[in-house]
Amino acid sequence: MSKTIAINAGSSSLKWQLYVMPEETVVAKGIVERIGLNDSIFTIKYGEDQKYETIVDIADHDVAVKMLLDQLIDLKILASYDEITGVGHRVVHGGEFYDRSVIIDDEVLKNIEDLAEFAPLHNPANAMGIKAFKHLLPEIISVAVFDTAFHATMPEVSYLYSLPREYYEDFKVRKYGFHGTSHQFVAQRAAEMLGKPIEETKIITCHLGNGASITAVDGGISVDTSMGFTPLAGVTMGTRAGDIDASTLPFLMEKLDLNINEMVDTLNKKSGLLGLSGISSDMRDLEANSDKPEVRVTLDIFADRIRKYIGSYVTVLNGVDAIVFTAGIGENDAAIREQIINGMSWFGCEIDPEQNAKRGEDTVISTPESKIKVFMIPTDEELVIARDVEALRS
Ligand code: ADP
């Protein structure tokens, strides 16, 4: 029996999930929040609804990982450090280096750190998590699972921007795409639900969480996706603007006396659902206030942008067998799913309200007559990480 830990390290947080492999059972999971700040919050959930929580100052990721492993031993979830046979790390940006998960050696770690230029908020934090585990478990295999890897198959026609070509050649400015593990996982499940080999399917996957992206998957391969050089592009998100006319930037910078970093920060953190509604970036808050006109239009814009991407990806794929909804909003918000699909009746796409009201499990939410199947499929990025560790370990 081996235990694999899947890690998602942020600049001040460390989310983890511990699996028994190859059974794929989750034995414990948790999060360390406010790392490097006062009153860090350390939580472990395990067993039947058991929870360990403590608030203590945790100076850095090394301290967080040591505390985590020691606490897992104290709680008898682990007998010793040796029980961990693999560590998998979510890494946001793999640039053009990686089209799949890889074992992390010095060169891989250096590439991840160098790619901070493309993902300044994420890659340095991911690297901190990697180093912390390497310090404590130097002999244990560690694997990087990249958000960008699934999209490495996109053709030039999708990934090149209509900019002078040398910007791509000299600086690698292109579309990379994100949420790859999630899109790949739900596309695979959707093919199973269609009862066809994935090679024979055309699937559009909608990962709708705080960040949101839509992907066109042809025969199991990502051929286009809505996020871009960074996760800022594409549909309206919790706090990100998604696609806008670049000329609004210099105009607003002058009007508001902002520098470029402040402007991009506004597009990343103060826009999207939050900026439009003036209330919240959290879809639950918006659904609770949907009678307010500014909230109603925010929800309408969210649905509209997603529907437009789906429509354009029907042409990219020249057909579609299934549309999949996943992640926090995609899995839980029946009203938004219905609104998106109801605008697509011309395609012969029809929601079954009773099926759409179901929660939790993989569900067909379209009617039996619907020409395009619509699925709700809970994503499981941590499981993909654990599986990739297991595959590279053997
Ligand atoms: P992250 O990108 O942070 O992983 P999640 O996938 O957890 O995000 O999605 C978070 C989003 O899901 C939030 O906007 C949240 O409001 C939304 N969400 C969660 N539960 C529900 C629900 N029951 N109804 C509507 N939206 C929900």
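Scroll up to find the structure.
Now for a quick tour of the structure. (Residues numbered from 1 in each chain as written. Predicted model: local features only at pLDDT ≥ 70, side-chain atom pairs only at ≥ 80, totals over all residues. Heavy atoms only, no water.)

## So, the site of the ligand
Part 1 of the reasoning: Every residue near the ligand is listed here: Gly 209, Asn 210, Gly 211, Asp 282, Met 283, Arg 284, Ala 327, Gly 328, Ile 329, Asn 332, Asp 333 and Arg 359.
Part 2 of the reasoning: In this structure, Gly 328 approaches the ligand through a main-chain N or O atom, which is 2.9 Å from an oxygen atom.
Part 3 of the reasoning: Interatomic distance of 3.5 Å between a side-chain N/O atom of Asn 332 and a nitrogen atom of the ligand.
Part 4 of the reasoning: Against a free-state accessible area of 580 Å², the protein chains account for coverage of 70% of the ligand.
Part 5 of the reasoning: At the level of secondary structure, the elements contributing two or more residues to the shell around the ligand comprise α10 (283-288) and α12 (327-332). (Near = heavy atom within 4 Å. Polar contact = N/O pair within 3.5 Å; in protein donor to acceptor, adjacent residues only side chain to side chain. Areas by Shrake-Rupley, 256 points an atom, 1.4 Å probe, with all protein chains shown as cover. Helix = DSSP H or I, 4+ residues; strand = E, 2+ residues; numbered from the N terminus.)

## Quick word on a nonpolar patch on the surface
Part 1 of the reasoning: Among the surface-exposed residues, Tyr 161, Leu 163, Tyr 167 and Phe 171 lie close enough to one another that they form a single nonpolar patch of about 390 Å² accessible area.
Part 2 of the reasoning: Following the sequence through the fold, Tyr 161 ends up in the loop between α4 (156-159) and α5 (165-171).
Part 3 of the reasoning: Given a relative accessible area of 31%, Tyr 161 falls into the partly exposed group. (Patch = residues over 30% accessible without salt bridge, like charges linked within 9 Å, V, L, I, M, F, W, Y side chains within 5 Å. Salt bridge = Lys/Arg side-chain N within 4 Å of Asp/Glu carboxyl O. Buried < 20%, exposed > 50% of the residue type's maximum accessible area, 1.4 Å probe, protein only.)

## Some thoughts on the packing of helix α7 (residues 248-256) against helix α8 (residues 260-269)
Part 1 of the reasoning: Put simply, α7 and α8 touch, their axes get as near as 10 Å, and they point 110° apart. Relative to α8, α7 is oriented roughly perpendicular. As α7 packs across α8, the resulting crossing turns out to be right-handed. Across the interface between the two elements, Leu 249, Leu 252 and Met 253 from α7 touch Ile 260, Met 263 and Leu 267 from α8.
Part 2 of the reasoning: For the contact of α7 with α8, a count of residues per class yields 6 nonpolar, no polar and no charged. (Axes fitted to C-alpha atoms, helices over the stretch in contact; angles between N-to-C directions. Parallel < 35°, antiparallel > 145°, perpendicular 65-115°, else oblique. Left-handed = near helix turned anticlockwise from the far one by under 90°. Contact = heavy atoms within 4.5 Å. Nonpolar A, V, L, I, M, F, W, Y, C, P; charged D, E, K, R; others polar.)

## A look at the packing of helix α6 (residues 180-194) against helix α15 (residues 381-393)
Part 1 of the reasoning: For the pair α6 and α15, the least separation of the axes is 9 Å and the interaxial angle reads 90°. Considering the angle they form, α6 stands roughly perpendicular to α15. Side by side, α6 and α15 meet where Thr 181, Ser 182 and Phe 185 of the first sit next to Glu 381, Leu 383, Val 384 and Arg 387 of the second.

By themselves, these figures tell us nothing about what the structure is for.
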